[in-house]
Amino acid sequence: MDLIKNKAPRPVADDQKRPAHEQVYQTLRAQIMYGDLVPGQPVTIQGLTDSLDVGMTPVREAIRRLISDGALMFQGNRRVSVPLLKHSDVQQMIFARISIESELSRRATTNMSAVEIDHLAQIDKQLDRTIADGDVGGYLRLNHLFHETLYSYADAPILNDLAERLWLRFGPSLRVVCGRFGTQSLPDRHKDIITALRRKDPDRVAKATAQDIEQGMELMAGALSSA
(Lines give C-alpha, C1' and ligand atoms only; values in the text may rest on other atoms or scores of the structure.)
Protein backbone atom coordinates (compact mmCIF):
# COMPACT_ATOMS: atom_id res chain seq x y z
CA MET A 1 0.00 0.00 0.00
CA ASP A 2 1.50 3.29 -1.11
CA LEU A 3 -0.59 5.91 0.66
CA ILE A 4 -2.18 6.44 4.02
CA LYS A 5 -5.84 5.97 3.22
CA ASN A 6 -7.35 7.99 6.04
CA LYS A 7 -6.92 11.69 6.07
CA ALA A 8 -5.34 12.99 9.26
CA PRO A 9 -7.76 14.76 11.61
CA ARG A 10 -7.74 18.50 11.41
CA PRO A 11 -5.46 19.96 14.08
CA VAL A 12 -7.06 21.59 17.09
CA ALA A 13 -6.60 25.29 17.78
CA ASP A 14 -3.45 24.80 19.87
CA ASP A 15 -1.84 22.82 17.06
CA GLN A 16 -2.35 25.74 14.69
CA LYS A 17 0.24 27.64 16.71
CA ARG A 18 2.88 25.00 16.00
CA PRO A 19 5.01 25.01 12.83
CA ALA A 20 3.70 22.87 9.98
CA HIS A 21 6.59 20.42 10.22
CA GLU A 22 5.84 19.88 13.93
CA GLN A 23 2.17 19.21 13.22
CA VAL A 24 3.11 16.71 10.50
CA TYR A 25 5.69 15.09 12.77
CA GLN A 26 3.16 14.61 15.58
CA THR A 27 0.55 13.22 13.18
CA LEU A 28 2.92 10.72 11.58
CA ARG A 29 4.39 9.85 14.97
CA ALA A 30 0.93 8.92 16.28
CA GLN A 31 0.14 6.90 13.15
CA ILE A 32 3.37 4.93 13.62
CA MET A 33 3.03 4.58 17.39
CA TYR A 34 -0.47 3.13 17.14
CA GLY A 35 0.14 0.96 14.09
CA ASP A 36 -1.84 2.89 11.49
CA LEU A 37 1.28 2.40 9.39
CA VAL A 38 2.15 -1.29 9.43
CA PRO A 39 5.69 -2.72 9.48
CA GLY A 40 7.17 -2.91 6.00
CA GLN A 41 4.52 -0.65 4.47
CA PRO A 42 6.15 1.65 1.90
CA VAL A 43 5.00 5.24 1.83
CA THR A 44 5.99 7.92 -0.66
CA ILE A 45 6.69 11.51 0.26
CA GLN A 46 4.14 12.57 -2.37
CA GLY A 47 1.61 10.16 -0.90
CA LEU A 48 2.07 11.65 2.56
CA THR A 49 1.84 15.16 1.14
CA ASP A 50 -1.49 14.32 -0.50
CA SER A 51 -2.84 12.37 2.48
CA LEU A 52 -1.97 15.02 5.06
CA ASP A 53 -2.82 17.93 2.76
CA VAL A 54 0.47 19.74 3.41
CA GLY A 55 3.52 20.80 1.44
CA MET A 56 6.58 18.64 0.78
CA THR A 57 8.93 20.65 3.00
CA PRO A 58 7.20 19.88 6.34
CA VAL A 59 6.74 16.25 5.28
CA ARG A 60 10.45 15.91 4.50
CA GLU A 61 11.39 17.50 7.84
CA ALA A 62 9.02 15.23 9.76
CA ILE A 63 10.36 12.16 7.96
CA ARG A 64 13.93 13.21 8.72
CA ARG A 65 13.10 13.39 12.43
CA LEU A 66 11.27 10.06 12.41
CA ILE A 67 14.19 8.36 10.66
CA SER A 68 16.44 9.79 13.37
CA ASP A 69 14.02 8.36 15.98
CA GLY A 70 14.30 4.92 14.34
CA ALA A 71 10.56 4.95 13.55
CA LEU A 72 11.02 5.09 9.76
CA MET A 73 13.75 4.05 7.36
CA PHE A 74 14.62 5.54 4.00
CA GLN A 75 14.34 3.15 1.05
CA GLY A 76 15.40 5.45 -1.76
CA ASN A 77 13.33 6.78 -4.65
CA ARG A 78 11.54 9.09 -2.19
CA ARG A 79 10.09 6.14 -0.29
CA VAL A 80 10.16 5.42 3.41
CA SER A 81 8.75 2.55 5.41
CA VAL A 82 8.15 1.36 8.95
CA PRO A 83 10.99 -1.07 9.81
CA LEU A 84 10.25 -4.78 10.11
CA LEU A 85 11.35 -6.05 13.52
CA LYS A 86 13.41 -9.23 13.80
CA HIS A 87 13.30 -11.55 16.79
CA SER A 88 16.73 -10.26 17.90
CA ASP A 89 15.42 -6.68 17.73
CA VAL A 90 12.62 -7.53 20.14
CA GLN A 91 15.03 -9.21 22.57
CA GLN A 92 17.14 -6.04 22.64
CA MET A 93 14.01 -3.96 23.19
CA ILE A 94 12.97 -6.17 26.12
CA PHE A 95 16.32 -5.49 27.79
CA ALA A 96 16.20 -1.77 27.04
CA ARG A 97 12.55 -1.29 28.04
CA ILE A 98 12.89 -3.14 31.32
CA SER A 99 16.04 -1.21 32.21
CA ILE A 100 14.62 2.21 31.34
CA GLU A 101 10.92 1.91 32.14
CA SER A 102 11.38 0.08 35.43
CA GLU A 103 13.58 2.93 36.58
CA LEU A 104 11.04 5.50 35.38
CA SER A 105 8.25 3.81 37.32
CA ARG A 106 10.50 3.48 40.37
CA ARG A 107 11.23 7.21 40.32
CA ALA A 108 7.58 8.07 39.74
CA THR A 109 6.42 6.17 42.84
CA THR A 110 7.48 8.74 45.41
CA ASN A 111 6.30 11.69 43.30
CA MET A 112 2.66 10.67 42.79
CA SER A 113 -0.17 11.84 45.03
CA ALA A 114 -3.25 9.75 45.82
CA VAL A 115 -5.26 11.85 43.35
CA GLU A 116 -2.72 11.22 40.59
CA ILE A 117 -2.74 7.49 41.28
CA ASP A 118 -6.55 7.55 41.11
CA HIS A 119 -6.31 9.22 37.70
CA LEU A 120 -3.97 6.45 36.54
CA ALA A 121 -6.47 3.88 37.82
CA GLN A 122 -9.22 5.56 35.78
CA ILE A 123 -7.10 5.23 32.64
CA ASP A 124 -6.70 1.55 33.44
CA LYS A 125 -10.47 1.13 33.79
CA GLN A 126 -10.96 2.64 30.35
CA LEU A 127 -8.23 0.32 29.08
CA ASP A 128 -10.08 -2.68 30.52
CA ARG A 129 -13.16 -1.70 28.51
CA THR A 130 -11.18 -1.61 25.26
CA ILE A 131 -9.79 -5.07 26.05
CA ALA A 132 -13.27 -6.45 26.73
CA ASP A 133 -14.61 -4.83 23.55
CA GLY A 134 -11.71 -6.01 21.38
CA ASP A 135 -10.99 -2.39 20.48
CA VAL A 136 -7.40 -2.67 19.21
CA GLY A 137 -6.96 1.02 18.41
CA GLY A 138 -8.36 2.09 21.76
CA TYR A 139 -6.20 -0.44 23.57
CA LEU A 140 -3.00 0.80 21.92
CA ARG A 141 -3.73 4.44 22.71
CA LEU A 142 -4.79 3.88 26.32
CA ASN A 143 -2.00 1.42 27.03
CA HIS A 144 0.51 4.02 25.87
CA LEU A 145 -1.32 6.74 27.84
CA PHE A 146 -1.13 4.63 31.02
CA HIS A 147 2.64 4.23 30.75
CA GLU A 148 3.22 7.76 29.49
CA THR A 149 1.25 9.18 32.43
CA LEU A 150 3.10 7.05 34.96
CA TYR A 151 6.52 7.92 33.59
CA SER A 152 5.72 11.63 33.43
CA TYR A 153 5.98 11.73 37.23
CA ALA A 154 9.54 10.35 37.22
CA ASP A 155 11.09 13.78 36.55
CA ALA A 156 13.59 12.07 34.23
CA PRO A 157 13.31 13.64 30.77
CA ILE A 158 16.30 11.81 29.28
CA LEU A 159 14.94 8.40 30.27
CA ASN A 160 11.47 9.44 29.13
CA ASP A 161 12.78 10.36 25.70
CA LEU A 162 14.53 7.01 25.37
CA ALA A 163 11.36 5.17 26.40
CA GLU A 164 9.26 7.05 23.84
CA ARG A 165 11.71 6.19 21.06
CA LEU A 166 11.43 2.52 21.95
CA TRP A 167 7.63 2.71 21.89
CA LEU A 168 7.84 4.19 18.40
CA ARG A 169 9.88 1.20 17.26
CA PHE A 170 7.64 -1.57 18.58
CA GLY A 171 4.21 0.10 18.33
CA PRO A 172 3.48 -0.99 14.74
CA SER A 173 4.40 -4.61 15.50
CA LEU A 174 2.23 -4.56 18.63
CA ARG A 175 -0.70 -3.55 16.42
CA VAL A 176 -0.06 -6.60 14.24
CA VAL A 177 0.06 -8.89 17.30
CA CYS A 178 -3.20 -7.42 18.64
CA GLY A 179 -4.83 -7.91 15.27
CA ARG A 180 -3.70 -11.52 15.15
CA PHE A 181 -4.42 -12.65 18.71
CA GLY A 182 -6.94 -10.09 19.94
CA THR A 183 -6.69 -7.77 22.92
CA GLN A 184 -7.85 -10.29 25.52
CA SER A 185 -4.73 -12.42 25.09
CA LEU A 186 -2.46 -9.55 26.08
CA PRO A 187 -0.96 -9.52 29.59
CA ASP A 188 -1.87 -6.67 31.90
CA ARG A 189 0.02 -6.03 35.14
CA HIS A 190 -1.30 -2.50 35.50
CA LYS A 191 -3.35 -3.30 38.60
CA ASP A 192 -0.21 -4.67 40.28
CA ILE A 193 1.51 -1.39 39.39
CA ILE A 194 -1.34 0.67 40.87
CA THR A 195 -1.46 -1.41 44.05
CA ALA A 196 2.27 -0.97 44.55
CA LEU A 197 1.98 2.77 43.87
CA ARG A 198 -0.64 3.10 46.59
CA ARG A 199 1.72 1.33 48.97
CA LYS A 200 4.55 3.70 47.98
CA ASP A 201 6.74 0.67 47.22
CA PRO A 202 9.19 1.59 44.43
CA ASP A 203 10.65 -1.91 44.14
CA ARG A 204 7.24 -3.53 43.67
CA VAL A 205 6.24 -0.90 41.13
CA ALA A 206 9.45 -1.50 39.18
CA LYS A 207 8.98 -5.28 39.33
CA ALA A 208 5.35 -5.11 38.13
CA THR A 209 6.41 -2.79 35.30
CA ALA A 210 9.16 -5.20 34.26
CA GLN A 211 6.71 -8.13 34.27
CA ASP A 212 4.20 -6.16 32.20
CA ILE A 213 6.87 -5.30 29.64
CA GLU A 214 8.45 -8.75 29.49
CA GLN A 215 5.19 -10.66 29.04
CA GLY A 216 3.91 -8.37 26.32
CA MET A 217 7.18 -8.24 24.42
CA GLU A 218 7.74 -12.00 24.65
CA LEU A 219 4.29 -12.47 23.09
CA MET A 220 5.41 -10.18 20.29
CA ALA A 221 8.68 -12.07 19.87
CA GLY A 222 6.82 -15.35 19.60
CA ALA A 223 4.45 -13.93 17.00
CA LEU A 224 7.32 -12.56 14.92
CA SER A 225 9.28 -15.80 15.02
CA SER A 226 6.24 -17.79 13.85
CA ALA A 227 5.32 -15.34 11.09
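Quick note: structure is the one above.
Definitions and limits used
Residues numbered from 1 in each chain as written. Predicted model: local features only at pLDDT ≥ 70, side-chain atom pairs only at ≥ 80, totals over all residues. Heavy atoms only, no water. Buried < 20%, exposed > 50% of the residue type's maximum accessible area, 1.4 Å probe, protein only. Helix = DSSP H or I, 4+ residues; strand = E, 2+ residues; numbered from the N terminus. Contact = heavy atoms within 4.5 Å. Axes fitted to C-alpha atoms, helices over the stretch in contact; angles between N-to-C directions. Parallel < 35°, antiparallel > 145°, perpendicular 65-115°, else oblique. Left-handed = near helix turned anticlockwise from the far one by under 90°.

What exactly am I supposed to notice about helix H3 (residues 45-52) here?
Each α-helix winds once per 3.6 residues, and so residues spaced three or four apart point in a common direction. Along H3, six of the eight residues are buried, which leaves the element largely enclosed by surrounding structure. Those residues of H3 lying buried are Ile-45, Gly-47, Leu-48, Thr-49, Ser-51 and Leu-52. Against the buried residues of H3 lie helix H2 (20-33), strand S1 (42-44) and helix H4 (56-69). Asp-53 sits one or two positions beyond H3 and adopts a positive phi of about 60°.

Which parts of the structure should I look at to understand the packing of helix H7 (residues 136-152) against helix H9 (residues 190-198)?
Between two packed helices, both the angle of their axes relative to each other and the distance between the axes serve to describe the pair. Two elements in contact, H7 and H9, have axes separated by 12 Å at closest approach and are oriented at 25°. One element, H7, and the other, H9, form an angle in the roughly parallel class. As H7 packs across H9, the resulting crossing turns out to be left-handed. Note on element contacts: H9 touches H7 through His-190, Ile-193, Ile-194 and Leu-197, opposite Asn-143, Phe-146, His-147 and Leu-150.

Help me understand unusual backbone geometry, please; the structure alone is not making it clear to me.
In terms of backbone geometry, most residues other than glycine have negative phi values and most peptide bonds are trans. One non-glycine residue with positive phi stands out, namely Asp-53, at about 60°. Relative to the elements of secondary structure, Asp-53 occurs in the loop between H3 and H4. Phi at Asp-155 takes a positive value of approximately 55°, unusual for a residue other than glycine. Mapped onto the secondary structure, Asp-155 falls in the loop between H7 and helix H8 (157-181). The class for Asp-155 is exposed, based on a relative accessible area of 65%.

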